[in-house]
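What the coordinates show
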Amino acid sequence: MIKMAKLSYLLLLVFGSLLYIEIFLSTFLKSLNFYNQYLFNLFFVLILLLIFFFYNKFEYKTPFKNNFSLNKKIINIFIIIGLVFPIALLGRLIDPKFDIIYGNLNNFANLNISSVFLFLLLTLIIVVKEEIIQRSLLQKKISLMLGSFVSITIVSINFSLYHFFYYSLFGLKTAIVASLSIFMASILLSVLFEKTQSVLTTILAHFLINFMILIQIFLIFNKFFTSEIIFWILWFLLFCYSILSFKKKFAHLKLTFYEIGFYEFLFIIIFSILPILIPFLLNLLL
């Protein structure tokens, strides 16, 4: 039993390293001038779906389609989006320069229908990739082994630290604000997954949250301040609805916490700092 647990923890660390494997492969292909970000990300998502399919089939022995059901769960998506409102607003107020930098980086001044479509398509592909790894391959298994409380916490720490290095390119302040925002948003997405056990709900919620942030960046970048005020008012109204509905819709969700032994504690520490540990090891090796 202990040996099987060790193998399970090792497999989870491998799953947690998939995003870094992707970065390594994309960097390698770029060095060969053989890289297309759309095709590469799409191919990587297809590989993840195959891993997810076989892992779900042999590990949980449940129908694959159960992970992509919506039914009456769609209302929970909008509740979670509403609860992101204060996180997004604080990020906007604390670090407004980031919106301008991000808008310049992605050429938000010269958008057209084709560029918007391709940008949103890439955003969706990235969201699918992240949700399959973070929620379906990692959170679900960790919740069964260590309890949902530990799972939600360490998956969110891992996910926020993973983004820290990207946002550090925009300065330390931006990296800290963005990482804290992502951590809190990941907590909400993880709670949504615990409630619904459907990765499709978290994919939609994650994509719509990103979409709303992109709208906000577009509005401030192009100085549509009146439209931005209306945007924040509408999001605030959704936030009010979410506050009133959260207790009713998520009342039956009980967070679990199982006994933590030495190997469990070691896994929690390593998994949490994996986004720091992997680049450090790669620098040593390379």
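Structural data are supplied above this passage.
Here we summarise the structure given alongside this text. (Residues numbered from 1 in each chain as written. Predicted model: local features only at pLDDT ≥ 70, side-chain atom pairs only at ≥ 80, totals over all residues. Heavy atoms only, no water.)

Now for helix α12 (residues 262–272). Listing the buried residues of α12 in full gives Glu 264, Phe 267, Ile 268, Phe 271 and Ser 272. Each buried residue of α12 sits inside an arc of 115° when the element is viewed along its axis, so together they form one side. (Buried < 20%, exposed > 50% of the residue type's maximum accessible area, 1.4 Å probe, protein only. Helix = DSSP H or I, 4+ residues; strand = E, 2+ residues; numbered from the N terminus. Arc of directions from axis to C-beta.)

Put simply, helix α3 (residues 37–60) and helix α7 (residues 113–146) touch, their axes get as near as 10 Å, and they point 25° apart. Relative to α7, the element α3 is oriented roughly parallel. The element α3 and its partner α7 pack so that their crossing is left-handed. Among the residues forming the contact of α3 with α7, the class breakdown is 20 nonpolar, four polar and four charged. (Axes fitted to C-alpha atoms, helices over the stretch in contact; angles between N-to-C directions. Parallel < 35°, antiparallel > 145°, perpendicular 65-115°, else oblique. Left-handed = near helix turned anticlockwise from the far one by under 90°. Nonpolar A, V, L, I, M, F, W, Y, C, P; charged D, E, K, R; others polar.)

Within this structure, the stated rule accounts for four salt bridges. With a closest N to O distance of 2.8 Å, Lys 129 and Glu 22 form a salt bridge. One end of the pair, Lys 129, is in helix α7; the other, Glu 22, is in helix α2 (residues 18–31), and 107 residues separate them in sequence. Of the two residues examined, Lys 129 and Glu 22, each falls in the buried class. (Salt bridge = Lys/Arg side-chain N within 4 Å of Asp/Glu carboxyl O.)

Take Asn 41: it is sitting in helix α3. A residue is classified by how much of its surface remains accessible, and Asn 41, at 6% relative accessible area, is buried. Spatially, the C-alpha atoms of Asn 41 and Ser 26 are 9.1 Å apart, while their sequence positions differ by 15 residues. When near neighbours in sequence (up to four residues on either side) are disregarded, Asn 41 contacts Glu 22, Tyr 35, Leu 122, Ile 125, Ile 126 and Lys 129. (Contact = heavy atoms within 4.5 Å.)

Before going further, it helps to examine helix α6 (residues 97–105). Every buried residue belonging to α6 is among Phe 98, Asp 99, Tyr 102 and Gly 103, and all of these are buried. Down the axis of α6, the buried set is contained in an arc of 130°. They therefore lie on one face. Away from its buried face, by an angle of more than 90 degrees, α6 presents the exposed residues Lys 97, Asn 104 and Leu 105. Tucked into the core, α6 has its buried residues touching α5 (85–94), α7, α8 (148–167), α9 (172–196) and α10 (199–221).

Attention now moves to the environment of Tyr 241. Inspection of the secondary structure puts Tyr 241 in helix α11 (residues 225–249). For the pair Tyr 241 and Tyr 258, spaced 17 residues apart in sequence, the C-alpha to C-alpha distance is 33 Å. Residues in contact with Tyr 241, not counting those within four places in the same chain, are Ile 75 and Ile 79.

When two helices pack together, you describe them by how their axes are tilted relative to each other and by the distance separating the axes. Direction vectors running N to C along helix α4 (residues 74–83) and α5 enclose 30°, while the axes themselves pass 4 Å from each other. Viewed along their axes, α4 and α5 adopt a mutual orientation that is roughly parallel. Along the contact surface, α4 presents Ile 81, Gly 82 and Leu 83, while α5 presents Phe 85, Pro 86 and Ile 87. Its residues placed into classes, the contact of α4 with α5 shows five nonpolar, one polar and no charged.

Next up on the list: the nonpolar core. Membership of the largest hydrophobic core comes to 35 residues, with the highest contact counts inside it found for Leu 138, Ile 142, Phe 267 and Phe 271. Those elements that place two or more of their residues in this core are α1 (2–16), α2, α3, α7, α8, α10, α12 and α13 (274–285). Looking at this core, the element that brings in the most residues is α7, giving nine residues. The contact partners of Ile 142, leaving out residues within four places of it in the chain, are Leu 12, Gly 147, Ser 151, Ile 154, Val 155, Phe 267 and Phe 271. Grouped together as the second largest cluster of nonpolar side chains are 23 residues, Val 84, Leu 188, Ala 205 and Phe 231 included. (Core = buried A, V, L, I, M, F, W, Y, C linked by side-chain atoms within 4.5 Å.)

The phi dihedral of Gln 197 falls on the positive side, at around 55°, and the residue is not glycine. With respect to the secondary-structure elements, Gln 197 resides in the loop between α9 and α10. Unusually for a residue other than glycine, Lys 223 sits at a positive phi of about 60°. Locating Lys 223 in the fold gives a position in the loop between α10 and α11. Among the residues examined, Lys 223 registers a relative accessible area of 62% and is labelled exposed.

Tallying each qualifying case throughout the model produces 29 aromatic pairs. On the numbers, 5.6 Å between centres and 5° between planes, the contact of Trp 232 with Trp 235 is stacked. Here the residue Trp 232 and the residue Trp 235 both occupy positions in helix α11, the gap between them amounting to three residues, near one helical turn. Residues Trp 232 and Trp 235 agree in their burial class; the two are buried. Among the aromatic side chains, those forming a connected cluster through ring pairs are Phe 98, Tyr 102, Phe 108, Phe 119, Tyr 166, Tyr 167 and Phe 170. The positively charged end of Lys 195 is found above the aromatic ring belonging to Phe 250, 5.9 Å away from the centroid. (Phe/Tyr/Trp six-rings, centres within 6.5 Å; stacked < 30°, edge-to-face > 60°. Lys NZ or Arg CZ within 6 Å of the ring centre and 35° of its normal.)

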